[in-house]
Amino acid sequence: MKGLAGKNALITGASSGIGQAIAIRLAQEGCNIAINYRSKPEAAKETETTALQRASEAGYGNIQTLLVQGDVSKEEDILRIMHRVTEQFGSLDILINNAGVQTEHASHEVPTDEFDWVLSVNLRGAFICARETIKQFLAQQRPGVIINVSSVHEVIPRPRYLSYSISKGGMENLTKTLALEYANQGIRVNAIAPGATITPINEAWTDDPEQRAVVESHIPMGRPGTSEEMAAATAFLASDEAAYITGQTLFIDGGLTLYADFRETWSA
Ligand code: NAI
């Protein structure tokens, strides 16, 4: 895709699932990739190995990769990650705020420390990464792109996952406010909103045929999405093909946000 080769990208939570697929896809498009992981260096190494292989197959055998440990719920870790990435690559062009967690409780029983934790990873972490990235864009006098990995729960309420829903709702505003504030400096900020996607976060239903059938019955296209489909849309938004797009959330959900229940007429 236009404008990606040679760019420097940081992907948070890139040792599994959607983040891993995005890192691999950006490498395949010729980006240098910084693979952030929290606790599984061997999984991050797998991302790196596959990314290098795909990049080489695509004719980008000379890309640089960097594995960088860090917990995005900790400001000092984010500052360390940013320092490491800019030290290694010299500059930064693309930030993918992908790291995310969720916990399940009836809303009246959500422990405060769990609420704080989910918000600190999904929203506060994304904010601090974005803030530091924008500082870097301004300092290097070369604008770049930020993409937030949000969720269909940016707009669909999610009972029993209150902290998660709130974090993704907040992400919509993070995306729009930053996009508006920095548009005239050439910085673009967008989000992708995956629907149900086959990744480790969803093991509870992806590995259980009955549960999976229930999930699929709510998706107009009748199947979950893949990490690669999320990565393709992310690469597009990061590329110059999307040069005039900012402040948007692209829903990649097989029609989930069209609400399958409305397919048949059930009310006058
Ligand atoms: P996943 O569990 O495979 O990926 C989450 C990644 O974030 C993991 O690599 C994990 O190590 C990392 N992470 C968690 N806490 C972290 C921290 N404090 N610091 C650094 N990294 C941390 O699941 P998946 O599905 O790939 O999730 C990626 C993003 O996609 C998340 O933001 C999630 O909310 C979002 N998403 C996923 C959907 C799905 O159906 N799988 C649907 C909608 C959104």
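Structure: above.
Every value quoted in this text rests on a predicted model; they were computed, and no experiment measured them.

Q: So what's going on with helix α1 (residues 17-28)? Which residues, and what values?
A: Compared with the 16 Å implied by 1.5 Å per residue over 12 residues, the 17 Å span of α1 between its first and last C-alpha is a close match. Burial analysis of α1 places nine of its 12 residues in the buried class, which makes it a mostly covered element. Looking only at α1, the buried set comprises G17, I18, G19, A21, I22, A23, I24, L26 and A27. Just past α1, the residue G30 takes up positive phi, approximately 95°.

Q: For the sheet that holds strand β6 (residues 188-194), give the residues involved together with the corresponding values.
A: Through backbone hydrogen bonds, the strands of a sheet pair up, either in parallel or in antiparallel fashion. One open sheet holds the seven strands; their spatial order is β3-β2-β1-β4-β5-β6-β7, and the pairing between them is parallel. Edge positions in the sheet fall to β3 (65-69) and β7 (249-252), since each has one partner strand and no second. Sheet twist, expressed as the average angle between the axes of neighbouring strands with direction ignored, equals 15°. Note that strand β1 (residues 8-11) and strand β2 (residues 32-37) share four bridges and pair parallel. Each bridged residue has a counterpart across the sheet, and for N8 the counterpart in β2 is N32. Across the sheet, α1 touches β1, β2, β4 (94-97), β5 (145-149) and β6, and the angle it forms with β1 is around 170°.

Q: I'd like a description of the site of the ligand, backed by residues and values.
A: Contacts to the ligand come from 29 residues, most closely from S16, D71, Y164, T199 and N202. The separation between an oxygen atom of the ligand and a polar side-chain atom of N202 is 2.6 Å. Relative to its unbound accessible surface of 810 Å², the ligand loses 93% to contact with the protein. Within the residue set of the shell around the ligand, elements represented by two or more residues are α1 and α5 (162-182). Of the residues contributing to the shell around the ligand, the split by class is 11 nonpolar, 15 polar and three charged.

Q: How would you sum up the nonpolar core? Please name residues and give values.
A: With 33 residues, the main nonpolar core has I11, I22, L26, I33 and I96 as its most contacted residues. Of all the elements, α1 adds the most residues to this core, at seven residues. Beyond its immediate stretch of four places on either side in the chain, L26 contacts L4, A9, I11, C31, I33, I96 and A235.

Q: Which residues make up the state of the cysteines, and what values do they have?
A: Tallying each qualifying case throughout the model produces zero disulfides. Just so you know, C31 is unpaired, no disulfide at all, and the nearest cysteine sulfur is the one on C129, 17 Å from it. Owing to a relative accessible area of 0%, C31 belongs among the buried residues under this scheme.

Rules behind the numbers
- Every residue gets a number counted from 1 within its own chain, in the order that chain's sequence is written.
- Where totals are concerned, whole chains, interfaces and linings use all residues; where local detail is concerned, this predicted model gives features only for residues with pLDDT of at least 70, and gives and counts side-chain atom pairs only at 80 or more.
- Hydrogens and water molecules were not included; the side-chain quantities draw on all heavy atoms of the structure.
- Under the DSSP-based scheme used, a helix requires at least four consecutive residues in state H or I and a strand at least two consecutive residues in state E, with every element numbered from the N terminus.
- A helix is expected to span 1.5 Å multiplied by its residue count minus one.
- Here's how the labels work: a residue is buried when its accessible area is under 20% of the maximum for its type, exposed when over 50%, partly exposed in between, all with a 1.4 Å probe on protein chains only.
- DSSP bridges decide pairing: two strands pair if at least two such bridges lie between them.
- Between N-to-C directions, angles cover 0 to 180 degrees, with each direction set by a line fitted to C-alpha atoms, over the stretch in contact for helices.
- Any two residues whose heavy atoms approach within 4.5 Å at even a single point are treated as in contact.
- The rule for a residue being near a molecule or strand is that one of its heavy atoms must lie within 4 Å of it.
- Polar contact is defined as a pair of N or O atoms within 3.5 Å, subject to the rule that within protein one atom must be able to donate a hydrogen and the other to accept it, and that residues adjacent in sequence are counted only when both atoms are side-chain atoms.
- Surface exposure here means Shrake-Rupley accessible area, sampled with a 1.4 Å probe, where a residue is shielded only by the protein chains that are shown.
- Classification convention: Asp, Glu, Lys, Arg as charged; Ala, Val, Leu, Ile, Met, Phe, Trp, Tyr, Cys, Pro as nonpolar; all other residues, Gly among them, as polar.
- Here, the term nonpolar core denotes a set of buried Ala, Val, Leu, Ile, Met, Phe, Trp, Tyr and Cys residues that are joined through side-chain atoms within 4.5 Å.
- In this description, the term disulfide denotes a pair of cysteine sulfurs within 2.5 Å.

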